[in-house]
Amino acid sequence: MQPLRKLLSVCVLSPASKRLYHKNLGIIGVPFCHGQGKSGADKGPEAIRAADLVKKMNNLEWNVKDYGNLDMNELPSPNVGHPAVKNSRLVGSVLRRVSHAVQELMSDNDMLLVLGGDHSISCGSVHGHLMRQPRSCVIWVDAHADINTPHSSFSGNAHGMPLSFLIPVLQQHVGKIDGFEWVRPCLSHQSLAYIGLRDVDPGERYIMEKLGIKNYSMGEVDRQGISRILEEILDSINSRGDKSIHLSFDIDSLDPVFAPSTGTPVPGGLNIREGLYIAEELSATGMLRVVDMVEVNPKLGNEAQNSITVNSAVSILASCCGQRRRGTVPSKYALPKPSDEQIEVGAKSAS
């Protein structure tokens, strides 16, 4: 196994890395909640923006363009489509728009933040990313695996299935789903890794083991530590350090202490330090191109809980964009010198 710092040094020194680091940053909101059964996740994008997201990114020296929210007009009605996937035509239509938006915005930006919305939207964002840059890998940080097929899912909620539509070898188990005909399965299971799992369905566990997908539950995080886990992941799915990275971050990957306002909280999750470490280290590769932040749900908490959740989300996003807990120095920073007046006052005081 190569040390993580060695991998990072390869990435940072590569020409591709320099092109991707600290230039144009795009932000797109996807106010969508019909990939699961609770209302409120559609309010996530505005809640995240309201916490000074753009200002924080500008302070990190990005040229920021907020494209607003994805157009949600003229969509199919809910409760229409395939019986195994709730709202399948509506969900599929929205994900297609997400994919097209990501493809278009990636051409104008060095990095893109996709604000959800429930986690079904990541089917569209990952699809769009891989259509634009096929040589990419995906790190899925989540309490849940989200790789159920429509026929292994207990709930029928699309936010538990986004990955199954994207992985070619699973298509014989997915079948034809109304609204998803447009999806081109484009994600190799060898380019996918999980962190933070602790609520996994039998079908999902079977898929991960059968395909050998790199996955780390909170048990592994406890035993190995987040640093070693991230080393192993990058060594496995991006060993040469030259793949574009897609980070799909479900806020419920964090323990509910740090993210109470979310639809499917599971105790025993990542702490905020571990979440920030993941974001900081992936940012340091210079290859992080798209970040999804999903499942922030302001309707499921009081004011204090919403503040905790949103602040966690924004802190993770800021770390993805270069903020460091050790402190950062602006590129044009110069240490201030005392003015002539201050020198004169100091001389008089000394005498």
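Model, not experiment: these values are computed from the prediction.

What the protein chain contains, in helices and strands, is 13 helices and eight strands. When its C-alpha atoms are laid out on the principal axes, the protein chain stretches across 85 × 45 × 40 Å. The buried share of the protein chain, taken over its 351 residues, is 54%. Counting only contacts in the protein chain whose residues sit at least 6 apart along the sequence, the fraction spanning at least 24 positions is 76%. Roughly 15200 Å² of accessible area belongs to the protein chain as shown, and the carbon and sulfur atoms make up 50% of that amount. Both charge centroids of the protein chain, one from 36 positive and one from 37 negative side chains, sit 6 Å from each other.

Let us now look at the environment of serine 155. Looking at the element boundaries, serine 155 is found in the loop between strand E4 (136–141) and helix H7 (171–174). Taking the C-alpha atoms as reference points, serine 155 and lysine 86, 69 residues apart in sequence, are found 8.7 Å from one another. Of the polar contacts made by the side chain of serine 155, one reaches the backbone nitrogen of asparagine 157; its length is 3.1 Å.

The subject of this paragraph is the packing of helix H5 (residues 88–106) against helix H6 (residues 121–132). Relative to each other, H5 and H6 sit at 40°, their axes nearing to 7 Å. As for how H5 packs across H6, the hand of that crossing is right-handed. From H5, Leu95, Val98, Ser99, Val102, Gln103, Glu104 and Met106 reach across to H6, where they touch Ile121, Cys123, Gly124, Ser125, His127, Gly128, His129, Met131 and Arg132. Looking at side-chain class alone, the contact of H5 with H6 contains seven nonpolar, seven polar and two charged residues.

Another point: the layout of surface pockets. To find the voids left in a structure, one rolls a probe of water-molecule size over its atoms. What the second largest pocket holds in volume is close to 330 Å³. In terms of lining residues, the second largest pocket is bounded by 21 residues, among which His144, Ser155, His159, Gly160 and Thr264 are the most central. For the lining of the second largest pocket, the residue count by class is one nonpolar, twelve polar and eight charged.

Rules and cut-offs
Residues numbered from 1 in each chain as written. Predicted model: local features only at pLDDT ≥ 70, side-chain atom pairs only at ≥ 80, totals over all residues. Heavy atoms only, no water. Helix = DSSP H or I, 4+ residues; strand = E, 2+ residues; numbered from the N terminus. Buried < 20%, exposed > 50% of the residue type's maximum accessible area, 1.4 Å probe, protein only. Contact = heavy atoms within 4.5 Å. Areas by Shrake-Rupley, 256 points an atom, 1.4 Å probe, with all protein chains shown as cover. Lys, Arg positive; Asp, Glu negative; His and termini not counted. Charge placed at Lys NZ, Arg CZ, Asp CG, Glu CD. Polar contact = N/O pair within 3.5 Å; in protein donor to acceptor, adjacent residues only side chain to side chain. Axes fitted to C-alpha atoms, helices over the stretch in contact; angles between N-to-C directions. Left-handed = near helix turned anticlockwise from the far one by under 90°. Nonpolar A, V, L, I, M, F, W, Y, C, P; charged D, E, K, R; others polar. 1 Å grid on protein atoms, 1.4 Å probe; cavity = no way out; pocket = protein on both sides within 12 Å on 5 of 7 lines; lining within 4 Å. Points joined across faces, edges and corners; volume = space filled by probe spheres on them.

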